[in-house]
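These are the residues of each chain, in order.
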Amino acid sequence: MTSSLERIDDALIALRHLWVAPPHINDPDLGAVEMSTIWVVDCLRRCPTATVAELAGQLDVAHSTASRLIARAEKTGAVIRTADRDDQRRVTVQLTPAGHRLAATALEYRLQSLRDATSDWADHERASFADLLTRFTHRKEPS
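Computed from a predicted structure; not experimentally measured.

Draft legend 1. Quick look at helix H2 (residues 35-46). With 12 residues, H2 should cover 16 Å at 1.5 Å per step; its first-to-last C-alpha distance of 17 Å lies within 8% of that length. In terms of burial, H2 is largely enclosed, as nine of its 12 residues are buried. Of all the positions in H2, only Met-35, Ser-36, Thr-37, Ile-38, Val-40, Val-41, Asp-42, Cys-43 and Leu-44 are classed as buried.

Draft legend 2. Here's a closer look at the packing of aromatic side chains. In this structure the tally under the stated criterion is one aromatic pair. Between Trp-121 and Phe-129 the ring centres are 5.4 Å apart and the planes differ by 90 degrees, which places this aromatic pair in the edge-to-face class. Look at Trp-121 and you get partly exposed, because its relative accessible area is 29%. A cation sits over an aromatic face here: Arg-139 above Phe-136, 4.9 Å from the ring centre.

Definitions and cut-offs
Residues numbered from 1 in each chain as written. Predicted model: local features only at pLDDT ≥ 70, side-chain atom pairs only at ≥ 80, totals over all residues. Heavy atoms only, no water. Helix = DSSP H or I, 4+ residues; strand = E, 2+ residues; numbered from the N terminus. Expected span 1.5 Å × (residues − 1). Buried < 20%, exposed > 50% of the residue type's maximum accessible area, 1.4 Å probe, protein only. Phe/Tyr/Trp six-rings, centres within 6.5 Å; stacked < 30°, edge-to-face > 60°. Lys NZ or Arg CZ within 6 Å of the ring centre and 35° of its normal.

Limitation: the analysis is restricted to geometry and does not speak to function.
Now the structure itself:
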């Protein structure tokens, strides 16, 4: 018999595959967009103006990696970088209009996938799943 922890592990691996595929998305405004650009625009959808360091933290990557991901997103036209008005040494990143559309399209795609996957669930089951998953993802790291 498979343990509950093994079932959770299997489910998390399956979820990873769901959210990273396909490696590219063809956007009508931006052309072929890499998944890393989707991650950047999704972070900016949640926090409309962020520094490179803040995005690195949200993406859970090194500052240099975040800078490269932002450069890719900037090259596609999804984001722009600007100097902070209060501190010229700080760079902020924002979505362009095309980036806003891409973020909305990506979100709707994910929500539709979730609607499809839970179409036979009752509302209270979705709510319980959301509560447990949120609790799991916001757990404190062991000290």
